[in-house]
Amino acid sequence: MIEERVVSTACVHDCGGKCLLRVHVRDGVITRITGDEGEEPQLRPCLKGRAYRQRIYHPDRLKYPQRRIGERGEGRFERISWDEALDTIAREMVRIKKTYGPEAILDGSGPANQSLLHGTSRSSLTRLLHMFGGCIGRTGRMSDAAAMAASQYTLGTIHTGSDPEDLTNSRLIILWAWNPAEAIHGTVTNWCLTRARENGASVISIDPRYSRTAATWADRWIPIYPGTDAAMMVAMAYVMIVEGLHDQAFLDRYTIGFEVFRSYVLGREDGVPKTPAWAEEITGVSRDTIAELACNYASTKPAALMAGWAMQRTAYGEQAFRASITLAAMTGNVGIPGGSAGGHYELDPCYPEPFGKLPVGPNPVGKAIPINKWADAILLGKAGGYPSDIKMCYITARNFLNQIPTVSKGIAALKKLEFIMVHEQFMTPTALYADILLPVTTFFEREDICVTPRYAIYMNRVIDPLYEGRSDLEILTDLARRLGIEGYNDKTDEEWLRSFVPASAIPDFEAFKANGIHHFRAERPRVAFEEQIRDPDRYPFPTPSGKIEIYSQQLADLNQPDQIPPIPKYIEPWEGRRDPLSGKFPLQLLTPHPRQFVHSSFTNVPWLQELERPQLWINPVDAEARGIRPGEGISVSNRRGALVVPALVTERIMPGVVSLDEGAWLNLDASGSDRGGSVNMLTRDEDTPLGDGATTHNCLVQVEKA
Ligand SMILES: Nc1nc2c(c(=O)[nH]1)N[C@H]1C(S)=C(S)[C@@H](COP(=O)(O)OP(=O)(O)OC[C@H]3O[C@@H](n4cnc5c(=O)[nH]c(N)nc54)[C@H](O)[C@@H]3O)O[C@H]1N2
Ligand SMILES: Nc1nc2c(c(=O)[nH]1)N[C@H]1C(S)=C(S)[C@@H](COP(=O)(O)OP(=O)(O)OC[C@H]3O[C@@H](n4cnc5c(=O)[nH]c(N)nc54)[C@H](O)[C@@H]3O)O[C@H]1N2
Ligand SMILES: [Mo]
């Protein structure tokens, strides 16, 4: 009888969680995947981790190197050898660098794998390109760039989050655009929300959709029009000010600029008092609800306003985040157990000590483009004000075309390039445009370490690489040799991993490897800014003034008050429901993160497909006005593109707003309309004013029977 081995590793896709997997292997083949059965809170995988077997052994896995023989995007490829593939890439890279300079090469590494050694964003590929003479880098992020900028200016750091266990100390939790039951935000967060409920916390969800998080934990759902959260927050501040509910002593001691904000809120600055009635018109939330929530938040302590990143993927997304921090300060909830500072909500990753990492070194080119603007940067180049004329894109772990707004521009950009390199596991919409396409391993087929602020997991290699697959690092090591780059990689994977651990708090590599996991335990949940509140003289906030900057002189100095005011304000967004464009395109489109997938990954896994297929959420009011029946194929369109998906007619979304998860793969029909449900057909590639963030949630569409 063949014995079953159980090998532990971690699921490290870009889903917001990092989960322990126990992989059962028989005769070199994975038979099933189970999860953490240890102490609570367990690092339990969701269905994606448990269904991974179908992803690894999927018949469509890329199996060997290929060269494109048809048109870009057409999907005709031929098998070639590794030697031929790597020789071609080296030849093209040298030619492009010689003809146009290294600034003609765009670093297209993406975040899809998040481990120490084989982690993909700004890692092995970036190292190679930097050593080759440089490349065009990227600024901004689609996830959270505006929240990071807002938190940095207001609190002096992006690490504004407490341990999720601290939620169990809260009496009131406001889930503001936060849906961790679906868009995972930490492996144990949902367990902590359940404990918080059991401890008697009351929970309120503010979201245009009745999310699964709201359905599971909330006492109350408050629907709000997308992109208008700052208006509701400012009106809550109004109520607190006129009712005298704000914590003036806290504001005096720990913040600067409240007076300027108060003057704006009361309408002394612009003649418009930011009353609940004013906000009702903008947000769709009734004035009574706004006033009631303001009183509730100001009088229930401790209270945690959990600001989700979705509301900063909007035209002026920074403002809701600056306002959330201001409300947290007005209610004295910063730096106390059970409270929350608002803001970006990321734990300090340097606790307890950093790990080593594959060094990428400096970029000799020293130029970058905003990631949301990658297509424009290629299409317009220097003549359009971008720093270089891009001729080649080297893509690893990123589904550029599908995942970044305005697919039509993306297609034109990919067609314009001279050379496109892709390392992938599947023939994604982006891979269809590759000139050379290389098969890459999954984390099951290589050795690694995954690190979070709370624990580290040793990721054992579970099975041998399938087919001709190699890791990104292995491929690039071979390429470096052909490019004559010395010292790119002189270590085995295990030697690298060993070299990463001594800088960390893990005492012994061998014991860590044997155990599979190391917890960085704290005696009690860590609370962000606890020291700053306890002893502000000794521990100032890391801002220029040492205080929470409700008014930011740095922002004032940028001198763009209409887009980046020095105090948090509601700024009327483009493509909101009051934009004149709404006459033609009356519905606001949301593009949430898919519960059953990680962006565009796992979308081809049959067990997960069974859960839910791409569908457009639409309220019965909007469906009936258009004669749309449940399940019927409907066309969703705007000036940027069109797609056809089935309708989910549901009261779980407010009238005026529709929603389609991001991630489904592009599948264009002959008329150029998408049949796959790839939502970036419709979204706009505009950046937020600070930090180059995405603005995907200001997107007007029309919906019709297909
Ligand atoms: N299962 C799964 N989990 C994931 C991911 C995944 O792909 N799959 N991706 C991970 C990554 S990389 C990221 S960056 C995070 C993203 O995490 P988030 O940005 O928090 O996730 P979203 O699903 O975009 O939005 C969360 C909720 O906000 C609501 N919402 C949208 N716009 C607005 C608005 O303007 N105002 C208000 N009040 N609510 C709004 C949505 O309806 C949704 O219910 O998720 C991570 N977790
Ligand atoms: N409209 C809209 N669009 C969005 C969002 C939104 O909210 N709305 N969210 C945005 C956000 S926050 C994010 S983070 C992005 C994510 O966008 P992406 O990072 O592009 O998406 P993923 O599907 O996570 O990963 C891309 C590919 O990486 C491959 N891959 C996985 N592991 C490896 C590896 O080790 N090596 C290599 N070479 N390839 C690997 C997978 O097969 C997958 O095809 O999407 C963004 N797009
Ligand atoms: Mo993200």
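Residues numbered from 1 in each chain as written. Chains lettered and ligands numbered in written order. Predicted model: local features only at pLDDT ≥ 70, side-chain atom pairs only at ≥ 80, totals over all residues. Heavy atoms only, no water.

K.L.:
Tell me about the site of ligand 1, and name the residues and values.
P.N.:
Around ligand 1, a shell composed of 31 residues is seen, among which Cys15, Asp207, Asp229, Arg313 and His593 lie nearest. Taking Asp229, its side chain carries an N or O atom lying 2.8 Å from a nitrogen atom of ligand 1. Here an oxygen atom of ligand 1 sits 2.8 Å away from a polar atom, N or O, in the side chain of Arg313. Contact with the protein chains removes 98% of the 920 Å² of surface that ligand 1 exposes when unbound. Residue composition of the shell around ligand 1, by class: 17 nonpolar, six polar and eight charged. Three or more residues apiece are contributed to the shell around ligand 1 by two domains, here domain 1 (160–347 + 526–557) and domain 2 (580–705). (Near = heavy atom within 4 Å. Polar contact = N/O pair within 3.5 Å; in protein donor to acceptor, adjacent residues only side chain to side chain. Areas by Shrake-Rupley, 256 points an atom, 1.4 Å probe, with all protein chains shown as cover. Nonpolar A, V, L, I, M, F, W, Y, C, P; charged D, E, K, R; others polar. Domains from an automatic or database assignment.)

K.L.:
Please set out the packing of aromatic side chains residue by residue, giving values where relevant.
P.N.:
Using the criterion set out here, one finds 16 aromatic pairs in the structure. Each ring, one from Phe443 and one from Phe444, has its centre 4.7 Å from the other, and the planes form 25 degrees; the classification is stacked. A residue is classified by how much of its surface remains accessible, and Phe443, at 2% relative accessible area, is buried. Every member of this aromatic cluster is reached through a ring pair, and the members are Tyr52, Phe443, Phe444 and Phe602. The ring of Phe602 has Arg55 lying over it, and the distance from NZ or CZ to the ring centre is 5.4 Å. (Phe/Tyr/Trp six-rings, centres within 6.5 Å; stacked < 30°, edge-to-face > 60°. Buried < 20%, exposed > 50% of the residue type's maximum accessible area, 1.4 Å probe, protein only. Lys NZ or Arg CZ within 6 Å of the ring centre and 35° of its normal.)

K.L.:
An account of the domain arrangement of the chain is needed here, citing residue identities and associated values.
P.N.:
A common way to state how big an interface is: give the accessible area lost once the parts meet. When its domains are assigned, the chain resolves into domain 1 (160–347 + 526–557) and domain 2 (580–705). A C-alpha centroid distance of 29 Å is found between domain 1 and domain 2. Across the contact, 21 residues belong to domain 1 and 23 residues belong to domain 2. A buried area of about 2000 Å², summed over both sides, lies between domain 1 and domain 2, and 59% of it is on carbon and sulfur atoms. Our enumeration of links across domain 1 and domain 2 arrives at one salt bridge. Close ionic contact of Glu612 with Arg212 constitutes a salt bridge, the shortest N to O distance being 4.0 Å. (Contact = heavy atoms within 4.5 Å. Buried area = accessible area lost by both parts, 1.4 Å probe. Salt bridge = Lys/Arg side-chain N within 4 Å of Asp/Glu carboxyl O.)

K.L.:
An account of the environment of Asn515 is requested, with residue identities and associated values reported.
P.N.:
Looking at the element boundaries, Asn515 is found in helix H19 (residues 509–515). On a C-alpha basis, the gap between Asn515 and Leu86 in space is 38 Å, while along the polypeptide they are 429 residues apart. (Helix = DSSP H or I, 4+ residues; strand = E, 2+ residues; numbered from the N terminus.)

K.L.:
Describe the site of ligand 2, with residues and values.
P.N.:
Lining the immediate surroundings of ligand 2 are 32 residues, of which Gln403, Glu424, Asp472, Ser600 and Asn680 lie closest. Here Asn399 contributes a backbone N or O atom positioned 2.8 Å from an oxygen atom of ligand 2. Within the backbone of Gln403, an N or O atom sits 2.6 Å from a nitrogen atom of ligand 2. Protein contact buries 98% of the 920 Å² of open area that ligand 2 shows by itself. Looking at side-chain class alone, the shell around ligand 2 contains seven nonpolar, 17 polar and eight charged residues.

K.L.:
So what about helix H16 (residues 407–416)? Which residues, and what values?
P.N.:
Those residues of H16 not exposed but buried are Val407, Gly410, Ile411, Ala413 and Leu414. For H16, the arc enclosing every buried residue in end-on projection is 165 degrees, short of the 170-degree limit, so these residues lie on one face. Of the surrounding secondary structure, the elements contacted by the buried residues of H16 are helix H14 (374–380), helix H15 (400–403) and strand S15 (419–424). (Arc of directions from axis to C-beta.)

K.L.:
So what's going on with the nonpolar core? Which residues, and what values?
P.N.:
Core analysis: the biggest nonpolar cluster contains 63 residues, and Trp176, Met232, Tyr297 and Val334 have the highest contact counts within it. If one sorts the elements of this core by residue count, helix H8 (residues 229–242) sits on top with twelve residues. Met232 has contacts with Trp176, Ile206, Ile222, Ile224, Ala279, Thr283, Val285, Ile290 and Leu293, leaving out every residue within four places of it along the chain. By size, the runner-up hydrophobic cluster in this structure holds 48 residues, among which are Ile136, Trp374, Tyr433 and Leu643. (Core = buried A, V, L, I, M, F, W, Y, C linked by side-chain atoms within 4.5 Å.)

K.L.:
Which residues make up the layout of surface pockets, and what are the values?
P.N.:
Of the pockets and cavities examined, the second largest pocket occupies roughly 580 Å³. Lining the second largest pocket are 29 residues, and of these Arg44, Pro45, Cys46, Leu47 and Ile184 sit closest to its centre. Of all elements in the fold, only helix H1 (47–50) and helix H6 (189–198) reach the threshold of two or more residues within the lining of the second largest pocket. Looking at the lining of the second largest pocket element by element, the count peaks at four residues for H1. Here the residues of the lining of the second largest pocket are counted per class, giving 15 nonpolar, eight polar and six charged. Summarising the domain contributions, the lining of the second largest pocket has at least three residues from each of domain 1 (160–347 + 526–557) and domain 2 (580–705). (1 Å grid on protein atoms, 1.4 Å probe; cavity = no way out; pocket = protein on both sides within 12 Å on 5 of 7 lines; lining within 4 Å. Points joined across faces, edges and corners; volume = space filled by probe spheres on them.)

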